[in-house]
Amino acid sequence: MKKVVHLLALAGIVGAAQSALALPSPTDRVYTADQNTNTVSVFDPSTNKLLGQIKLGNGRPDVLSPLYRGEINVHGMGYSPDHKTLVVISNGSNSATFIDTATNKVKGKTYVGRSPHEGFFTADGKEVWVVVRGEDYISVIDPNTFKETRRIQTAVGPGMVQFMPDGKLAFAVSSFTPQVDVIDVASHKVVNSIPVVSPFSPFLQFTPDFKEMWMTHKDVGKVTRIDTRTQKVVGVIDTGFITNHLAFATVKGKVYAYVSVGGENCVKVYTTDKEAKLVATIPTGALPHGVWTADDSSRVYVGLENGDGMQVIDPAVNKVVATVGGGQAPQALIYLSHVAAPGSAENLVPRVNQDSVNVPLKPVHDKGKGFIVARQLGVVDALEVSVYQLKPNTDYSVYLGGAQAGSLHTDAKGMANGTMIGPVRTFAQAGQAEQMPASARVLVMEGTTAPDAGAAVLTN
């Protein structure tokens, strides 16, 4: 009898553990904000399948003529506390679009100031705060009337804002000023400013207990930790080249941080101890960007900016367990539970784009790095070239198959990027670079130097 009781007790423990770590439900959704196709991709996390896309505007390059309707550069996302409303920020058309999560239908739109980046509902759901990164304020919007009701003055270039659960304070990071603004929600005023290590932060997230706020520094590859009670910096972690977003997952009772490092094509996993330790590096697809965790921490979802889709990580084993194609250049990614009927694709369109092809660039002699993304645009293709760690304020020529495809000018940090349009599909065949003659590869030359594989700065 004792053995039976013991077995029943064990069964109860196992059952409780399984219910505490249940897999995503068919009523849950994962969303990505797709910057190039100007769509929101909608995924069913229970099957890891794309249900379809919400089309908010035309894809690139069909946004260059005078544009009277449709959104450009669909980029940021937030949601209401009841999960019934998704707010999508488009930084090219300066808009916040409100979407009903049950029907995928646009129910309102607000135009704000220059180049907004992210938007989030207050803890009580009564206001939406949209950071206007191209200026120096947060636009406060009534989610019922879709009208701007006021502006909150901040440091130049606010990058993101999120709220403490009691609704009293908000933390806003900046993309141009090395500080975090702490805002009193009731008075809509900045009450403190916290100096941080760099001026460019696109993302912040609270630990599950809200005792700390972690923020990413994309420009210097770091994460800063701030104590939300003392409002002091308590740690800075060197995370890596192009640190984008982060999320937290609780695994076997311990909280870990999952940080997307775009320049290394990986997600790095850190402890949240007083001294954060790197415990795992998870290889991902090309340029991981947005990261969000399922409510029960059973999965971590990662948007692939250059992979045009998302990947699913099982945090119990720290491995990618699924890859799903989505829109072009996904930026923000969020997970929402219990929002729609199982399998519902109401008001969604089929995927409007095809898969991309990624080509890494490596230095020929000295230093430098870069990557190319080739995307199909109907009868032509887009070749998106990004280079880093080259000479600052210098012109470079990009050659493809011996012909000049375009030119780049690096900034003060030796970085540059640009998009070149043309018939490049036959060139960008994955896995064939080693078989190509040097004249058929991508060559990045300094100045206007003729293509020469031996003298190239970068090549594939």
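How each quantity is defined
- Residues numbered from 1 in each chain as written.
- Predicted model: local features only at pLDDT ≥ 70, side-chain atom pairs only at ≥ 80, totals over all residues.
- Heavy atoms only, no water.
- 1 Å grid on protein atoms, 1.4 Å probe; cavity = no way out; pocket = protein on both sides within 12 Å on 5 of 7 lines; lining within 4 Å.
- Points joined across faces, edges and corners; volume = space filled by probe spheres on them.
- Helix = DSSP H or I, 4+ residues; strand = E, 2+ residues; numbered from the N terminus.
- Nonpolar A, V, L, I, M, F, W, Y, C, P; charged D, E, K, R; others polar.
- Phe/Tyr/Trp six-rings, centres within 6.5 Å; stacked < 30°, edge-to-face > 60°.
- Buried < 20%, exposed > 50% of the residue type's maximum accessible area, 1.4 Å probe, protein only.
- Pairing = 2+ DSSP bridges.
- Axes fitted to C-alpha atoms, helices over the stretch in contact; angles between N-to-C directions.
- Contact = heavy atoms within 4.5 Å.
- Polar contact = N/O pair within 3.5 Å; in protein donor to acceptor, adjacent residues only side chain to side chain.
- Core = buried A, V, L, I, M, F, W, Y, C linked by side-chain atoms within 4.5 Å.

Student: Help me understand the layout of surface pockets, please; the structure alone is not making it clear to me.
Tutor: Where empty space is left in the structure can be found by rolling a water-sized probe over the atoms. In this model, the largest pocket occupies a volume close to 1,200 Å³. Lining the largest pocket we find 42 residues, and of these Lys 218, Glu 305, Tyr 388, Met 415 and Asn 417 sit closest to its centre. Listed by contribution, the elements that provide at least two residues to the lining of the largest pocket are β30 (369–377), β31 (380–388) and β34 (416–422). It is β31 that provides the largest number of residues to the lining of the largest pocket, a total of five residues. Residues belonging to the lining of the largest pocket are distributed by class as follows: 14 nonpolar, 19 polar and nine charged. Approximately 700 Å³ is the volume attributed to the second largest pocket.

Student: How should I be thinking about the packing of aromatic side chains in this particular structure?
Tutor: Centre distance and the angle of the planes are the two values used to describe a pair of aromatic rings. This structure, assessed with the given rule, holds ten aromatic pairs. Ring centres of Trp 214 and Phe 248 lie 5.2 Å apart, and the angle between their planes is 85°; on these two criteria the pair is classed as edge-to-face. On the criterion of sequence distance, the pair formed by Trp 214 in strand β17 (residues 212–217) and Phe 248 in strand β20 (residues 243–251) is long-range, its members being 34 residues apart. Trp 214 gets classed as buried once you look at its relative accessible area, which sits at 0%. For Phe 248, a relative accessible area of 8% corresponds to the buried category. Aromatic side chains Phe 371 and Tyr 388 sit 5.8 Å apart centroid to centroid with 40° between the ring planes, which places their arrangement in the tilted category.

Student: Would you mind showing me how to read the sheet that holds strand β21 (residues 254–261) here?
Tutor: Note: strands within a sheet are paired through backbone hydrogen bonds, in either parallel or antiparallel orientation. Across the sheet, which stays open at both edges, the four strands sit in the order β20-β21-β22-β23 with antiparallel pairing between neighbours. This sheet does not close on itself; its edge strands, each paired only once, are β20 and β23 (278–283). Recorded for the sheet is a direction-independent mean angle of 20° between the axes of neighbouring strands.

Student: Any chance you could explain empty space enclosed by the protein here in plain terms?
Tutor: Under the counting rule described, the total for this entry stands at one cavity of 30 Å³ or more. Approximately 40 Å³ is the volume found for the largest cavity. Around the largest cavity, the lining residues are Met 77, Glu 118, Phe 120, Met 160, Phe 203, His 245, Trp 292, Ala 332, Leu 333 and Ile 334. Elements supplying a minimum of two residues to the lining of the largest cavity: β8 (116–121) and β28 (330–336). By residue number, the principal contributor to the lining of the largest cavity is β28, which donates three residues. A class-by-class count of the residues in the lining of the largest cavity yields eight nonpolar, one polar and one charged.

Student: I tried to follow the environment of Asn 36 on my own but got confused; where do I start?
Tutor: Note that Asn 36 resides in the loop between β1 (29–34) and β2 (39–44). For Asn 36 and Val 74, which are 38 residues apart along the polypeptide, the C-alpha to C-alpha distance reads 7.6 Å. Once you skip the residues sitting within four places of it in the chain, Asn 36 turns out to touch Gly 59, Arg 60, Gln 328, Ala 329, Arg 375 and Glu 384. A distance of 2.7 Å separates the side chain of Asn 36 from the side chain of Glu 384, its partner in a polar contact.

Student: Before we go on, may I ask you to explain the pairing of β28 in this structure?
Tutor: Here is the key point about a regular strand: its side chains alternate between the two faces of the sheet. Summarising burial for β28: seven of the seven residues are buried, a large majority. With five bridges connecting them, β1 and β28 associate as antiparallel partners. Across the sheet, Tyr 31 pairs through a bridge with Ile 334, a residue of β28.

Student: How should I be thinking about the side chain of Gln 205 in this particular structure?
Tutor: For Gln 205, the position within the fold is in strand β16 (residues 203–206). With a relative accessible area of 12%, Gln 205 lands in the buried category. In terms of polar contacts, Gln 205 uses its side chain to reach the side chain of Gln 162, at 3.1 Å. Residue contacts for Gln 205: discarding those within four places in its chain leaves Gln 162, Glu 212, Met 213, Trp 214, Leu 246, Phe 248 and Trp 292.

Student: For this particular structure, what's the right way to read the nonpolar core?
Tutor: Inside soluble globular proteins, nonpolar side chains tend to come together where they are buried. Core analysis: the largest hydrophobic core is formed by 65 residues, its most contacted members being Tyr 31, Val 40, Met 77, Leu 86, Trp 129, Val 180 and Met 213. It is β28 that contributes the most residues to this core, five residues altogether. Setting aside chain neighbours within four positions, we find Met 213 in contact with Phe 171, Val 173, Val 180, Leu 204, Gln 205, Phe 206, Thr 224, Arg 225, Ile 226 and Thr 228. Core analysis: the next-biggest nonpolar cluster, separate from the first, contains 18 residues, Ala 374, Leu 383, Leu 400 and Val 444 among them.

Student: Just checking my understanding: could you explain unusual backbone geometry for this structure?
Tutor: Residues other than glycine predominantly adopt negative phi, and peptide bonds predominantly adopt the trans conformation. Residues other than glycine seldom take positive phi values, yet Phe 146 does so here, at roughly 60°. Relative to the helices and strands, Phe 146 is located in the loop between β10 (137–142) and β11 (147–153). By relative accessible area, which is 18% here, Phe 146 ends up buried.

Student: Could you clarify how one ought to interpret the pairing of strand β33 (residues 403–409) in this entry?
Tutor: Direction of pairing for strand β32 (residues 395–400) relative to β33: antiparallel, over a ladder of six bridges. What sits directly across from Ser 397, in β33, is Ser 407. Connecting the antiparallel pair β32 and β33 is a turn made up of two residues, with Gly 401 showing a positive phi of about 60°.

Keep in mind these values describe shape, not function.
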